[in-house]
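Coordinate inspection notes
Chain by chain, the residues:
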Amino acid sequence: MLIELLKVTECPGSLWLAEARAPFGHAAVRWYGDRAAEPGEYHVEWTIDEDIIWGQNATAAGGVGPGLRTGGQCVVLRGQLGLTEDGAALLDFDGTHILLDLADPPPGEVAGGWVELFIQREKAGLHPYVL
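Presented here is a report on the structure given in the accompanying data block. These figures come from a predicted structure and were not determined experimentally. (Residues numbered from 1 in each chain as written. Predicted model: local features only at pLDDT ≥ 70, side-chain atom pairs only at ≥ 80, totals over all residues. Heavy atoms only, no water.)

Before going further, it helps to examine the pattern of salt bridges. The final tally for this structure, using the stated rule, is three salt bridges. R21 is paired through a salt bridge with E4; the nearest N and O atoms lie 3.5 Å apart. Separated by 17 residues along the polypeptide, R21 in strand β2 (residues 15–22) and E4 in strand β1 (residues 2–11) bring together distant segments of the chain. Ionic pairing is found between R78 and E116, a salt bridge with its closest N-O pair at 3.6 Å. Taken together, the residues span a long stretch of sequence, with R78 in strand β8 (residues 74–83) and E116 in strand β11 (residues 114–120) at a distance of 38 residues. (Salt bridge = Lys/Arg side-chain N within 4 Å of Asp/Glu carboxyl O. Helix = DSSP H or I, 4+ residues; strand = E, 2+ residues; numbered from the N terminus.)

Below, the structure written as structure tokens:
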């Protein structure tokens, strides 16, 4: 996914956060790239290092379309939930697929629907790469 990096800042505990903007929102999330990265456009891979628990940090979305925003100490990602036959889950986040770890299977009716994930900002990460 192509994002606009606005700035990288250090938080307590040696955590580096990227203030990132996409066409459908912005938020501050963990940065796994160069700590001296300059503002600009970067291709990134998203990771989520938190188990998804339906009704706790995942719900059906109130709207449709991808979304990215800050909600307190969380980052909120809205995308379409895909479930595979072998029990894996993927969030289709504007064409980028993010592998999810599920604590329990979500309700069957949400497969293919729009969902919102509420992830602690240090558990959602951006890994820049060069094409």
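Looking now at the packing of aromatic side chains. Here the structure, examined in full by the defined rule, presents three aromatic pairs. A centroid spacing of 5.8 Å and a plane angle of 80° characterise the contact between W31 and Y42, whose relative ring orientation is edge-to-face. Of the two residues, W31 sits in strand β3 (residues 25–31) while Y42 sits in strand β4 (residues 40–48), which places them eleven residues apart along the sequence. One aromatic cluster in this structure is built from F24, W46 and F93. (Phe/Tyr/Trp six-rings, centres within 6.5 Å; stacked < 30°, edge-to-face > 60°.)

Here we take up the state of the cysteines. Within the structure shown, the criterion is met by zero disulfides. Cysteine C11 remains unbridged, with the sulfur of C74 as its closest cysteine sulfur at 14 Å. For C74, a relative accessible area of 16% corresponds to the buried category. (Disulfide = S-S within 2.5 Å. Buried < 20%, exposed > 50% of the residue type's maximum accessible area, 1.4 Å probe, protein only.)

This part covers unusual backbone geometry. We note that D94 has phi near 55°; this positive angle belongs to a residue other than glycine. Position of D94 among the secondary structure elements: in the loop between β9 (89–93) and β10 (96–102). Residue classification places D94 among the partly exposed residues on the basis of a relative accessible area of 46%.

Among the structural elements, L117 can be located in strand β11. L117 sits in the buried class, given a relative accessible area of 2%. Between the alpha carbons of L117 and V76 there is a distance of 5.5 Å; along the sequence they are 41 residues apart. Leave out the neighbours within four places in its chain, and L117 touches I48, I52, N57, A58, V75, V76, L77, L91 and L100. (Contact = heavy atoms within 4.5 Å.)

The residue N57 is located in the loop between β5 (51–52) and β6 (58–60) in this model. The class for N57 is buried, based on a relative accessible area of 5%. Only 3.2 Å separates the side chain of N57 from the side chain of E50, close enough to count as a polar contact. Only 2.7 Å separates the side chain of N57 from the backbone nitrogen of I53, close enough to count as a polar contact. Other than its neighbours up to four places away in sequence, N57 contacts E50, D51, I52, E116, L117, F118 and I119. (Polar contact = N/O pair within 3.5 Å; in protein donor to acceptor, adjacent residues only side chain to side chain.)

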